[in-house]
Structures are given as C-alpha cells and as structure tokens.
Amino acid sequence: MIRMLFDLTGKDPTKVPLDDKETMSIFRSTEALGVTPEQIHSEVGTFGVPEFGTKFVRGMLVDTKPTTFGELISISGLSHGTDVWLNNAQELINQGIVTLSEAIGCRDDIMVYLMKKGLEPNHAFKIMETVRKGKALKDPEKWAEFVGIMKEHDVPDWYIKSCEKIKYMFPKAHAAAYVTNAFRIAWFKVHEPKAYYTAYFSIRADEFDSDVMIYGKEKVLNKMKEIDMQGNSATAKDKNMYAILEIVLEMYERGIKFLPIDLYKSDSSKFLMEEEGIRPPLNSIPGLGTVAAESIQKAREEEKFMCIDDIQQRGKVGKSVIELLKSAGCLEGMTQSNQMSLFV
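Values in this document were obtained by computation on a predicted structure and should not be read as measured data.

Colleague: Any details on the pattern of salt bridges? Residues and values, ideally.
Modeller: A full pass over the atoms with the stated rule returns 16 salt bridges. Among the salt bridges present, the one from E145 reaches K142, with a minimum N-O distance of 3.6 Å. Remark: K142 and E145 occur in helix α9 (residues 140-152); sequence separation between them is 3 residues, near one turn of the helix. You can call E145 partly exposed: its relative accessible area is 40%. K142 gets classed as partly exposed once you look at its relative accessible area, which sits at 34%. Through salt bridges with shared partners, a single ionic network connects E129, R132 and K133.

So this is what it looks like as structure tokens:
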C-alpha cells in the first residue's frame, strides 16, 4: 500500500514528517478529515489505518486520547499483548491511577522502569522476561523473590499487580516499526485523501461490492443498517464488508465520489485515481472474477470491441459475464452482433 501511495502521488512515504500535527490528531478526533463523528460513526479518524483501524483499537484511542508518537507505540504494545490492556492498563487509566505513558505497554518498558527505580540491570531484565512470558505467577517462589526486590526499591503495588496479570507482551521495536508505517499511511489519508482511498480499495478491500458501494452514501448506510440488524448472525463476508463500508462512507462524507465502471476506462483489478473521483475496476462487479476481467482488458488493448459478441469471443468470457457487464451499465449503446441484417 505504501508503494502504491508513492506511485500515485510521487511523494516519498519515508519522508513523511512523523510529528505532523494534523495526522496525529486523527488518533483522537475526526476534525482533520473535515467530518464530524456523527457523519462517520466514529470519534476518531483511523478507519483503514494499519494497527489503529479495528473497533477494538479505536476504542483504546477513545479511552486514551494519544497526543504523541510515543503514546501510539504504547497503544500498539497494549493492543498486541495478552491481558496487558483489558482487565489491566485500561482499568488503571480509567481510574486515574496512571497515564497512558506510565502504563506498561511493551516488554521493554518493564526493564527501563525498574532500572530507573534503582534495580540492577540483571534483576530488571529477569523480571521483564518473567512477565512478558506470562510466568509471573507460575513460579510463586521465584516471583515472591522478585516482588521483594521491587518493594525494596519502592515499586508501587499497582505496578506489581499489573505485571502479575500479563500473559504476553509485544517488543517495543516491533511496535515502533508498525506505528511508523501506520503513521505514514495516516499522513496520506489526511493530506492525499483520493490517493489513500484508491490505494486502500485496491490493496485491502477484498469484499468490495460495487452494487452496494459505488452509488452514493444512502445505499452504503442502508447496507450498514442491514448488517447491524443481523448482529452476531451476520455472515463472515458481511462482517468483512462492514469495515469497507465504513471507509466508503467516510470517503463520501469527505466529498470524494466513485466514477462509473467503464468497459474501456476501468482497470481489470485496480482502482484508478482520476480528476473527478475514483474509478472501480471490472472485477469489483459482483460475480465477475479477476481472470475474466484481465482477459477483457487484454482484448480491448489489442483492438476496440465491435459488438457484444466480439467481447465474448476475443475476451474469452461466457454469457454470464456479459450479463454482469450489462447490469453494471458497461455495454450501453453496444449492439449484440456486428452483422448487418439483410432483411427488414
């Protein structure tokens, strides 16, 4: 996705400023996107941003309201760990016992914190390794020894209890790498929105359905309501589609539209960024597979189609594909056959 953003805009993602204030703001509000939370049904603007786009992590963002890159790294650690956020750091933050930057997020945080408290590096390292592997309470005798050492150095009880709950922790280096790329993509979302949505739909939107998504936001909202009403009984396909619908709705609310699928202008499988909007590919027509779409694209590049029969013959597609193209409005004004009738 980062490569495609580079190709679409000519702007090098590795040169994105990691202290960009507008980009940082979408992790706690929607203002920089030019939309309200009511318009997109979210208090933050991170739909489609890796690491931060899921409902679970968006909830973490709402709880913590991060303002620094370092806090985003903490959130990445918290979201990847087991029993690090839920029933642990979340409660401590909500109760005002700690701030996000003080909470245990990544495994490295433990060693650094304990060394600052005066523990010997060897002890700090061993405690970190015990906690991050989820072994704090599996060896009560050893853990009691570590607890004694921590208490000698005034490590607070909340910190010790937090360590005891943890089953697995994420390394900070991984979190930093993930967040760096996520922030780069978020920068394009804020500053190059058309390129962002074009790349997202091309690379990530496997469940894109042109019948539902390219005809305006009302149809999108109706489909979202339909899936919401199904609750847990919604199919896996619909649940996956919902995440794409959220991004499509956001795109519409930001004033970007889809262009019609076109027999000649649409790519076989990639969304195209055009001046007037984003043009979906042929394979976004439900039921029209990538192989058929590629075959049609190859044939049209060789020579313009003379008629519908010509598409079927040179494009090597069946009648069902022709019907799909017709229903999508791609064959309007085209005759079935190129042969002239000899009889009236």
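From this point, the narrative continues.
Colleague: Please give an account of the layout of surface pockets that cites residues and values.
Modeller: Considering only enclosed or pocket space, the largest pocket measures out at about 540 Å³ in volume. K55, R58, Y242, A243 and E246 are, among the 23 residues lining the largest pocket, the residues nearest its centre. Among the elements of the structure, α4 (55-64), α14 (217-230) and α15 (236-253) are those that each provide at least two residues to the lining of the largest pocket. In terms of residue count, α15 provides more of the lining of the largest pocket than any other element does, 5 residues in total. Residue composition of the lining of the largest pocket, by class: 11 nonpolar, 5 polar and 7 charged.

Parameters and conventions
Residues numbered from 1 in each chain as written. Predicted model: local features only at pLDDT ≥ 70, side-chain atom pairs only at ≥ 80, totals over all residues. Heavy atoms only, no water. Salt bridge = Lys/Arg side-chain N within 4 Å of Asp/Glu carboxyl O. Helix = DSSP H or I, 4+ residues; strand = E, 2+ residues; numbered from the N terminus. Buried < 20%, exposed > 50% of the residue type's maximum accessible area, 1.4 Å probe, protein only. 1 Å grid on protein atoms, 1.4 Å probe; cavity = no way out; pocket = protein on both sides within 12 Å on 5 of 7 lines; lining within 4 Å. Points joined across faces, edges and corners; volume = space filled by probe spheres on them. Nonpolar A, V, L, I, M, F, W, Y, C, P; charged D, E, K, R; others polar.

On their own, these measurements won't tell you what the molecule is for.
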